[in-house]
Amino acid sequence: MRSGRLVALIMAIALCLPLSAAAERFALASRAVIATGPGGSVIEYARLVSNIRMQNAQVQFSGRCESACTMFLSLPASRTCIMPGASFTFHRAYGASEDFNQWGTEYMMSGYPVWVRRWIADRGGLSDRLLRMNYAYAARFIPPCGQAARSLAAARS
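Source: prediction; values computed, not measured. (Residues numbered from 1 in each chain as written. Predicted model: local features only at pLDDT ≥ 70, side-chain atom pairs only at ≥ 80, totals over all residues. Heavy atoms only, no water.)

Participant: Looking at this structure, I do not really get the pairing of strand β2 (residues 58-66). What am I missing?
Facilitator: Looking along a regular strand, one sees side chains alternate from face to face of the sheet. When β2 meets strand β3 (residues 80-82), the two strands line up parallel, connected through 3 bridges. From the neighbouring strand, F61 faces β3, where its bridge partner is I82. The sheet contact formed by β2 and strand β4 (residues 87-90) spans 3 bridges and is parallel. By the bridge assignment for β4, E66 is matched with T89. (Pairing = 2+ DSSP bridges. Helix = DSSP H or I, 4+ residues; strand = E, 2+ residues; numbered from the N terminus.)

Right, here's the structure in full:
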């Protein structure tokens, strides 16, 4: 219980700090973000996704979005789109204390939409094993990028 409060405090502080150089590669200047890459720190991605959410940026899934990169899936489908060939790789959080790893795993799972949580559960849940979701499955729930751009333009007019 006490470690849960400590992790919550650390997370609250981390969300207020400037983003690291690694996170800055997802530039928000164009109000569009390309979500691809090997992932990284759950806290860094939580901060990044929070900033993207506040700035109403559009996220384009392109290529492999692995590990913490999958946290972009917590954004509304209306603010995301997927390119052919994109994929998602999931696993439990690791690299910190067992309490923090458990918290990180639960944090990621709580942010995923129902269709992602169901897909993960059908494969035995998050563990050290890598679970890869392909484009064909994800595109059933995330609009293709050309379609998303047209929908966004129509909504603005």
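Participant: Can you walk me through helix α2 (residues 42-54) in this structure?
Facilitator: A turn of α-helix holds 3.6 residues, and therefore any two residues three or four places apart point the same way. Compared with an ideal rise of 1.5 Å per residue, which puts 13 residues at 18 Å, α2 spans 18 Å between its outermost C-alpha atoms and is within 8% of the ideal. N56, located one to two residues past α2, shows a positive phi value of around 55°. (Expected span 1.5 Å × (residues − 1).)

Participant: Sorry, what's going on with the packing of aromatic side chains here?
Facilitator: The geometry of an aromatic ring pair is captured by the separation of the ring centres together with the interplanar angle, meaning the angle of the planes. Applying the stated criterion to the full structure yields 10 aromatic pairs. Measuring from centroid to centroid gives 6.0 Å for Y45 and F72, while their planes differ by 80°, and the two rings are edge-to-face. Within this pair, whereas Y45 is found in helix α2, its partner F72 is found in the loop between β2 and β3, the two being separated by 27 residues in sequence. With a relative accessible area of 0%, F72 lands in the buried category. Here F100 and W103 contribute two aromatic rings whose centre-to-centre distance is 5.2 Å and whose plane-to-plane angle is 35°, an arrangement assigned as tilted. In this pair, F100 and W103 both sit in helix α3 (residues 98-111), 3 residues apart, roughly one turn of the helix. Comparing F100 with W103 shows no difference in burial state: the two are buried. Ring pairing ties together the aromatic residues F90, Y112, W115, W119, Y137 and F141, which thus form one cluster. (Phe/Tyr/Trp six-rings, centres within 6.5 Å; stacked < 30°, edge-to-face > 60°. Buried < 20%, exposed > 50% of the residue type's maximum accessible area, 1.4 Å probe, protein only.)

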